[in-house]
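Chain residues, written in single-letter form:
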Amino acid sequence: MMKKGGTQLQDAIKLVCLSCGQANRIPRERLESGPKCAKCGTSLVSGEVAAIANQLHDKATRTDELPLIVDYWAPWCGPCKMMAPEFAAAAKTMRYKARFAKIDTEQFPEISQRLQIRGIPLLILYLGGKEIGRLSGARPAADITAFVRQHL
């Protein structure tokens, strides 16, 4: 794609705001400068884990052009609770390389059925609208970051 005057447009990626659901186009070179959602102003690559609902889950997993790793968990699950701080630590480590989200499978059981989730915690990595890997069981942050890096 060309701009007026024949210069190339910046290499941009699509990211769905994990707060409001707005699709944003961000120049790849600006990822580390803290881009914010054009609609609500939320940071798009904060290094935090976003709790999402089913509609936002579906939009982000179909649209995001930066790897998105989702933790499928439930509040009654002991291993899920044990892994939560490790998942958060991995999110900080991978801040500009991937985004991290979690969805409560008890609150949104249709997600578990559709994705054929048989056990939790389960991590699924998405990129460009496709599932590119699964990692089951409670894992330390180092395993989570290694899993994401092997698919980048």
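Quantities reported herein were computed from a predicted structural model and do not represent experimental measurements. (Residues numbered from 1 in each chain as written. Predicted model: local features only at pLDDT ≥ 70, side-chain atom pairs only at ≥ 80, totals over all residues. Heavy atoms only, no water.)

**A word on the environment of A60**
- For A60, the position within the fold is in helix α1 (residues 54–63).
- A C-alpha to C-alpha distance of 16 Å links A60 and D104, two positions 44 residues apart in sequence.
- Among residues more than four places away in sequence, those in contact with A60 are V16, L18 and L68. (Helix = DSSP H or I, 4+ residues; strand = E, 2+ residues; numbered from the N terminus. Contact = heavy atoms within 4.5 Å.)

**A short note on the layout of surface pockets**
- Its boundaries defined by the atoms lining it, the largest pocket holds a volume of some 170 Å³.
- In this structure, the largest pocket is lined by 16 residues; those nearest its centre are L18, S43, L44, S46 and E48.
- Of the residues contributing to the lining of the largest pocket, the split by class is 8 nonpolar, 5 polar and 3 charged. (1 Å grid on protein atoms, 1.4 Å probe; cavity = no way out; pocket = protein on both sides within 12 Å on 5 of 7 lines; lining within 4 Å. Points joined across faces, edges and corners; volume = space filled by probe spheres on them. Nonpolar A, V, L, I, M, F, W, Y, C, P; charged D, E, K, R; others polar.)

**Points about the state of the cysteines**
- In this structure the tally under the stated criterion is 1 disulfide.
- Disulfide partner of C77: C80, at an S-S distance of 2.5 Å. Linking C77 and C80, the disulfide has an S-S dihedral of approximately 75 degrees and is accordingly described as right-handed.
- The exposure class assigned to C77 is buried, which follows from its relative accessible area of 4%.
- Exposure remark for C80: the relative accessible area of 3% places this residue in the buried category.
- With no disulfide of its own, C40 lies 3.6 Å from the sulfur of C17, the closest cysteine sulfur. (Disulfide = S-S within 2.5 Å. Buried < 20%, exposed > 50% of the residue type's maximum accessible area, 1.4 Å probe, protein only.)

**So, the packing of aromatic side chains**
- According to the stated counting rule, one finds 1 aromatic pair in the structure shown.
- The cationic tip of K102 hangs over the ring face of W73; the distance from NZ or CZ to the ring centre is 5.0 Å. (Phe/Tyr/Trp six-rings, centres within 6.5 Å; stacked < 30°, edge-to-face > 60°. Lys NZ or Arg CZ within 6 Å of the ring centre and 35° of its normal.)

**A closer look at the pattern of salt bridges**
- By the definition in use, this model includes 6 salt bridges.
- Linking R139 and D143 is a salt bridge whose minimum nitrogen-to-oxygen distance equals 4.0 Å.
- With relative accessibility at 33%, the residue D143 sits in the partly exposed group. (Salt bridge = Lys/Arg side-chain N within 4 Å of Asp/Glu carboxyl O.)

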